[in-house]
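Summary of structural features
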Amino acid sequence: MPVKSLVIVFSYHHRNTEKIANAIAQVLDAPVKTPRQVSPEGLAEYDLVGFGSGIYGAKNHGSLLDLAGNLPFADDRNAFIFSTYGAPAGLYTGERLREFVKDNHAALREKLQSRGYHVVDEFACAGLNTNSFLRFFGGLNKGRPDEKDLRHAEEFAENLKRHDNSENEII
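Cut-offs and rules
Residues numbered from 1 in each chain as written. Predicted model: local features only at pLDDT ≥ 70, side-chain atom pairs only at ≥ 80, totals over all residues. Heavy atoms only, no water. Core = buried A, V, L, I, M, F, W, Y, C linked by side-chain atoms within 4.5 Å. Buried < 20%, exposed > 50% of the residue type's maximum accessible area, 1.4 Å probe, protein only. Helix = DSSP H or I, 4+ residues; strand = E, 2+ residues; numbered from the N terminus. Axes fitted to C-alpha atoms, helices over the stretch in contact; angles between N-to-C directions. Parallel < 35°, antiparallel > 145°, perpendicular 65-115°, else oblique. Left-handed = near helix turned anticlockwise from the far one by under 90°. Contact = heavy atoms within 4.5 Å. Nonpolar A, V, L, I, M, F, W, Y, C, P; charged D, E, K, R; others polar. Pairing = 2+ DSSP bridges. Right-handed = clockwise from strand over helix to strand, strands pointing away. Phe/Tyr/Trp six-rings, centres within 6.5 Å; stacked < 30°, edge-to-face > 60°. Lys NZ or Arg CZ within 6 Å of the ring centre and 35° of its normal. Salt bridge = Lys/Arg side-chain N within 4 Å of Asp/Glu carboxyl O.

We now examine the nonpolar core. Counting residues in hydrophobic clusters, the biggest one holds 21 residues, and the most contacted among them are V7, I20, I24, L28, F80 and F82. Secondary structure elements with two or more residues in this core: β1 (5-10), α1 (16-28), β4 (77-85), β5 (117-126) and α4 (147-161). Top contributing element to this core by residue count: α1, with 7 residues. If you look at the next biggest cluster of nonpolar residues, it comprises 19 residues, including L6, I8, L64 and V119.

Encoded structure:
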């Protein structure tokens, strides 16, 4: 039986995270909505819900945190978290990237788990950052997310489709 999925994303500066959301949604055959377009109670009709945004101050956007905090209790419903980050991509690889993502997603993961959601997996990649003085130099992580990032997002979504309730693994 197909899994009914939904992808929720907050993305505004350069639409970095929206690009990732669309790649994931295409594989999952899922609609993409913003936090304002969904009601906490309406998420009960989905088997798998993705929550994604850029990273702001080492956590997901406040609109996602607010939504997660207002969710009715879900008895072990599956969720996933995804993000784009503006930190220098070259600094975060391997285990360091996994820890960085785990830390950035911690607030959202904790809210989802406190509401009875099982976070089955997490994904993150670099995104263009033109905040502050970086805009004067054309930004950081130019061209990201790129085709390779989008391909990794699609692979992540394929893995979600095959999920077997194993332990969380951050890609």
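Next comes the rest of the write-up.
Two elements in contact, α1 and α4, have axes separated by 8 Å at closest approach and are oriented at 40°. Between α1 and α4, the crossing angle belongs to the class labelled oblique. The two elements α1 and α4 cross, and the hand of that crossing is right-handed. On α4, the residues that touch K19, I20, A23, I24, V27 and L28 of α1 are D149, L150, A153, E154, F156, A157, E158, L160 and K161. Tallied by class, the residues present in the contact of α1 with α4 amount to 10 nonpolar, no polar and 5 charged.

Moving on: the pairing of β5. The buried count for β5 comes to 9 of 10 residues, which makes it a mostly enclosed element. Taken together, the 9 bridges between β4 and β5 define a ladder with parallel strand orientation. Paired with F80 across the two strands is D121, which belongs to β5. In the classification by handedness, the crossover that spans β4, the intervening helix α3 (residues 94-114) and the parallel β5 is right-handed.

To continue, consider the packing of aromatic side chains. Within the structure shown, the criterion is met by 9 aromatic pairs. With a centroid separation of 5.7 Å and 70° between ring planes, the pair formed by F80 and F156 is classed as edge-to-face. In this pair, F80 sits in strand β4 while F156 sits in helix α4, placing the two residues 76 residues apart along the sequence. The burial state of F80 is the same as that of F156; both residues are buried. Their ring planes at 20° and their centres at 3.9 Å tell us that Y92 and F100 sit as a pair that is stacked. For Y92, a relative accessible area of 16% gives the class buried. By the ring-pair criterion, three or more aromatic residues cluster together here, those being F80, F82, F123 and F156. For K4, the ring lying beneath its charged end belongs to Y46, and the centroid distance is 5.1 Å. Over the ring of Y92 we find R96; its NZ or CZ atom is 5.0 Å from the centre of that ring.

All right, on to the pattern of salt bridges then. A side chain of one charge can pair with a side chain of the opposite charge if their charged atoms are brought near each other. Inspection of the entire model under this criterion finds 7 salt bridges. Across the pair E45 and K4 runs a salt bridge whose closest N-O atoms are separated by 2.7 Å. Taken together, the positions of E45 in the loop between β2 (32-33) and β3 (48-54) and K4 in the segment before β1 put the pair 41 residues apart, joining distant regions of the chain. Judged by relative accessible area, which is 39%, K4 ranks as partly exposed. The salt bridge involving E18 is made with R15; its shortest N-O contact spans 3.4 Å. In this structure E18 comes out as partly exposed when scored by relative accessible area, which is 30%. Using a relative accessible area of 40% as the deciding quantity, one classes R15 as partly exposed. Where salt bridges share partners, they join R144, D146 and D149 into one cluster.

By themselves these figures say nothing about function.
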